[in-house]
Amino acid sequence: MKKGPESGTCMLAAPGSLVELDPDTNSSNGTSAREKDVLPSPRELENVPVKTSTETSRKKLCGYLNKLGIKGPIKTWKSRWFFYDENKCHLLYYRTAQDINPLGSIDLSSASFDCKMENGEGVFEIRTPSRAFTLKAISKQAMMYWLQQLQMRRWEFCNTQSRFPVGSSQLVNEPLAGRTNVVDNEDFLPLVKTPTEAVGLKAASLPAPQTSTALQNISLKHPWTEIQNTVYNICGSKQLWGSNGNVFSFDEFQEHPENVDEEQEAEGAVKEGTLEDGRMGPRLNWIRKARWMNSGFPGSEELLREKNSVDKVSVLQQQILTLTEEVKSQKELVKLLHKALEAAQQEKRVSNMYLTATEDKDRLELVRHKVRQIADLTSRLEALEQEKKELEQILTLRDSHIQELKEHVQLLMEKNHAKQEVIMTLTEQMARELSDPLQEANTITVETLYKQQEEIEHLKDDIDAYKTQNQFLNSEIHQVTRLWTSVAENEKALLMKCACLQARNCQMESKYLTVLRKLQEAVPGLPSSHAELVKNLIQEALQWDVKEEAEEGFNLNPVSEYDEYGFMTVPDYEIEDWKLLAKIQALEIKSNKLRSQEIVEKPLRDRWNSIGELNPCAELKSLIRSGIPVEHRQRVWRWMVSRHCSPAPGHYQRLLEQSRSTEHPACRQIELDLPRTLTNNKHFSSPTSQLIPRLRRVLLAFSWHNPAIGYCQGLNRLAAVALLVLEDEESAFWCLVYIVENLMPADYYSETLITSQVDQRVFKDFLSEKLPRLMAHFEQYRIDVSLITFNWFLVAFVDSLVSDILLRVWDAFLYEGTKVIFRYALAIFKYNEEEILRIHDSVEIYQYLRFFTRMITDGRKLMNIAFNDLNPFPMKLLRNRRSMHREELEAELCELQQIKAAYVRERAEQEPQDLEEVVSEEEEES
């Protein structure tokens, strides 16, 4: 069914039904025969006399309606200002009556109207060939008025188009109102009372209907138009303030029409200037903008009428607040538009991918991705609904709590009121008692006044005496403070001097013992008298006790028998020749501590005290390489372990339960290794030590945690060091897991120890590059360095270095990884390179390498060699070397397996022949 001016059809609506006229339709379309007889045809309409604009005062059809948003992220009713364009038969709609550019238009020439009661009161639809528009008036009366007026205006437009085609010159030269031949629709359709509160130009002066949120009424489909209207409104407001209340200054519009007729005449004059293409010219826009702005802002009329400057300022402030709210809403609009644009761009990219996909499986994958997104959004929606329910419950609880608080406040107010009544009663009683002057005078006698005066005089004398005494004491305290400061400075200087002297003394004693050791080595070549003298001197040196020496004289930093973690400071060597070496080592440790106490250790400790929250950075890395103080080491180790290994709650306890219920195959080996763990530490030296059961539980839990490794010799020493520092056995367990599974490469503690063997080959390569002279010396005497260094890498130098240096190595090892072990292994050989090069016997070299790590007492020197002298030391090079040597080692092991298999097959083939020979020999003998 065609609609519009071409077929000559028009739409009419009665106040309870919607009628759609068409000559070709029958009674099934809902139109009664009586209505068909009453409605005139287009040919009859042409013969009806036309009422000119002077005869009929035409009212502009405009007003506020709610429009249902169909597209966009916000789907809700939005308030729009609708204006009927008579030249084009279009219904234009704006966001507010003050906007200059429309958000869109509805072509009524070929549209149909519909209103259904089930949609709600005031809701009607306008259906065009392209889409349907759902509108809502404030009441049923307003809806019927709009439907009737729209149908009447369209009749006028249809008859005008049939009489005067679009291209005729008469349409351009004559006013539209004078050319139309219109049926008197007011006589044909039932009259509907005009709702002046929502329709007409007067409705533009009323404030726009408010929405629940600032952004709800903003059009997301027309962002550019919204921004233009906002800028235009702001610019118009500025002109309003600057031109004494006039929004725009036009010479031809200095006076506004005071009544409706003048206003209609002004608009009719403007309509004569309409462009040929149906668009309103700039002049019309400016005039309408001026009229709407003047009607939309009541403050402009007040500025013209009010003479008082205070009233003008208040009106301007009100306008400023209104514009400020408008700017805020526009900012929110821009943000929302940004989000909508990002979502649209993302949707566009996905659609392009779907359209450009060449195969069905690619499109299917995109569809699956969308399905997954929908499932994700559904789950998020469910989570939000659950959160909403929880918030409602919380709100209910808070309401009940507020009610209780109100009741409590009411009780307190009643209590306070009662107290105020008591206070008022007591105040009145006191006022009555003090009202009699004679009674007040009798309470104070002359004798009492005399005694009080004497007492005041005595107190004044005491105050003067105390002031004099206080001044004297202050001067004495000042002098004593100066003397104390001077003595403290002198004491500090003497302590520094004493520390330097003790360090020198320790160095001299160490050198003396070193000379005695050299003489001890040369005893077989000395005369008997000299040999006896050397033995006596060594015996006297061994009988010297550090504790007795400390009690006899002043000692700044005495060397105790055990350090903070229970390690022996002076090793108890069973070999007689090494006891002198232990004394030398103790003196060297004491000397280094005395020299570095004030220069290095104290500033380093101050830097650690200034660090609050730990974060990975270059400064923290430098501090950890320098060594972590004892009071901070446990906290820093826990932080380093937790960064890479997240402890699972209850996991350690479950492993302990499993170890109690089921015996692990490695349990026997663990029991054998427990007495051999850290024998130089007092916490593990005895089978009854408290840490032995805790170490057993840690090792058993790890064997169940990592069945691929179970237990390997060396893990006991790693776990023991972790227990000493962290103290908590669960923390020690996770530290062991972190070392084995995160720091060390895979298969480092497997049955074949293949990665450990690879590291030995890599270390030999680095030793040849960094220390070529020493490596050549080892090759000359056929020294296999891996016999010494294999244990270093397996247990990270435990039982090889003194405790102070060992823990500094572990500090850097836990933070940086296995590269630190390579650095310190090379630094140890660099530290003793000259001593090793002076030995020219393979047996003596092996003997020296067995204990030479114990002779390293200067941890600062070793650290500088490891992190400064051996640079550069890239981790990428280490990984490449490991992969290369692993391939070589795996090839060798494969070849060895093949040789072994061939040997087994050969032995299996030879066994029957050997048995036949043995049988034949026995037969011959018999």
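Residues numbered from 1 in each chain as written. Predicted model: local features only at pLDDT ≥ 70, side-chain atom pairs only at ≥ 80, totals over all residues. Heavy atoms only, no water.

1. Considering the packing of aromatic side chains
Then comes step 1: The tally for this structure, following the rule as stated, stands at 21 aromatic pairs.
Then comes step 2: Note on Y64 and W81: the rings are 5.0 Å apart at their centroids and 70 degrees apart in plane angle, and the pair reads as edge-to-face. Placement of the pair is Y64 in strand β3 (residues 62–68) and W81 in strand β4 (residues 77–85), with a sequence separation of 17 residues.
Then comes step 3: Overall, the relative accessible area of 10% leaves Y64 in the buried class.
Then comes step 4: What makes W81 buried here is its relative accessible area of 0%.
Then comes step 5: The interplanar angle of 70 degrees and the centroid separation of 4.9 Å between the aromatic rings of F793 and F822 together place this pair among those described as edge-to-face. Taken together, the positions of F793 in helix α26 (residues 786–795) and F822 in helix α28 (residues 819–831) put the pair 29 residues apart, joining distant regions of the chain. The burial state of F793 is the same as that of F822; both residues are buried.
Then comes step 6: One cation-aromatic arrangement involves K136 over W77; the distance from NZ or CZ to the ring centre is 5.6 Å.
Then comes step 7: The residue whose ring lies beneath K861 is Y831, and the NZ or CZ to ring-centre distance is 4.7 Å. (Phe/Tyr/Trp six-rings, centres within 6.5 Å; stacked < 30°, edge-to-face > 60°. Helix = DSSP H or I, 4+ residues; strand = E, 2+ residues; numbered from the N terminus. Buried < 20%, exposed > 50% of the residue type's maximum accessible area, 1.4 Å probe, protein only. Lys NZ or Arg CZ within 6 Å of the ring centre and 35° of its normal.)

2. A few points about the sheet that holds strand β8 (residues 123–127)
Whether parallel or antiparallel, the strands of a sheet pair through hydrogen bonds between backbone atoms.
Then comes step 1: An order of β6-β5-β4-β3-β9-β8-β7 is seen for the seven strands of this open sheet, with the pairing classed as antiparallel. The open sheet terminates on both sides in strands that have one partner only, identified here as β6 (104–107) and β7 (112–114). Taken over all neighbouring pairs, the strand axes of this sheet differ in orientation by 35 degrees on average, direction set aside.
Then comes step 2: The pairing of β4 with strand β5 (residues 90–94) spans five bridges and is classified as antiparallel. The residue bridging F82 from the neighbouring strand is Y93, located in β5. (Pairing = 2+ DSSP bridges. Axes fitted to C-alpha atoms, helices over the stretch in contact; angles between N-to-C directions.)

3. What about the nonpolar core?
Then comes step 1: Ranked by internal contacts, the top residues of the largest apolar core, which has 119 residues, are W637, L715, F778, F797 and F829.
Then comes step 2: When residues no more than four places from it in sequence are discounted, the contact partners of L715 are L699, F702, I709, L736, V740 and Y749.
Then comes step 3: One finds L65, F82, C89 and A111 within the second-largest nonpolar core, a separate group that totals 28 residues. (Core = buried A, V, L, I, M, F, W, Y, C linked by side-chain atoms within 4.5 Å. Contact = heavy atoms within 4.5 Å.)

4. Some details on the pairing of strand β9 (residues 132–136)
Then comes step 1: Pairing of β3 with β9 involves two bridges; the strand directions are antiparallel. The partner of K67 across the bridge, within β9, is L135.
Then comes step 2: Two strands pair when backbone bridges link them, and β8 and β9 are joined in this way by five bridges, in the antiparallel orientation. Along β9, the bridge assignment pairs F124 with L135.
Then comes step 3: Adjacent in sequence and paired antiparallel, β8 and β9 are bridged by four residues.

5. Quick look at a nonpolar patch on the surface
Then comes step 1: On the surface, a nonpolar cluster with roughly 450 Å² of combined accessible area is contributed by Y354, L355, L364, V367 and V371.
Then comes step 2: Of all elements in the fold, only α10 (309–356) and α11 (360–434) reach the threshold of two or more residues within the nonpolar patch.
Then comes step 3: With three residues, α11 is the single largest residue contributor to the nonpolar patch.
Then comes step 4: According to the relative accessible area criterion, Y354 is partly exposed, its value standing at 35%. (Patch = residues over 30% accessible without salt bridge, like charges linked within 9 Å, V, L, I, M, F, W, Y side chains within 5 Å. Areas by Shrake-Rupley, 256 points an atom, 1.4 Å probe, with all protein chains shown as cover. Salt bridge = Lys/Arg side-chain N within 4 Å of Asp/Glu carboxyl O.)

6. With respect to the packing of helix α22 (residues 715–726) against helix α23 (residues 729–743)
Then comes step 1: Two elements in contact, α22 and α23, have axes whose closest approach is 8 Å; the angle formed by their N-to-C orientations is 135 degrees. Overall, the two elements α22 and α23 adopt an arrangement that is oblique. Relative to α23, the crossing made by α22 is right-handed. Contacts between α22 and α23 involve L715, L718, A719, A722, L723 and L726 from the former and E729, S731, A732, C735, L736, I739 and V740 from the latter.
Then comes step 2: Of the residues that constitute the contact of α22 with α23, the class distribution is eleven nonpolar, one polar and one charged. (Parallel < 35°, antiparallel > 145°, perpendicular 65-115°, else oblique. Left-handed = near helix turned anticlockwise from the far one by under 90°. Nonpolar A, V, L, I, M, F, W, Y, C, P; charged D, E, K, R; others polar.)

7. What about unusual backbone geometry?
Then comes step 1: Across the junction of N871 and P872, the peptide omega takes the value 0 degrees, indicating a cis bond.
Then comes step 2: Relative to the elements of secondary structure, P872 occurs in the loop between α31 (859–869) and α32 (875–925).
Then comes step 3: Residues other than glycine seldom take positive phi values, yet L753 does so here, at roughly 50 degrees.
Then comes step 4: Secondary-structure assignment places L753 in the loop between α23 and α24 (754–770).

8. Concerning the side chain of R823
Then comes step 1: With respect to the helices and strands, the residue R823 is situated in helix α28.
Then comes step 2: Buried charge without a salt bridge: R823, with E816 as the nearest opposite-charge side chain at an N-O distance of 5.3 Å.
Then comes step 3: Setting aside residues no more than four positions away along its own chain, R823 makes contact with A866, F867, L870, N871 and F873. (Lys, Arg positive; Asp, Glu negative; His and termini not counted.)

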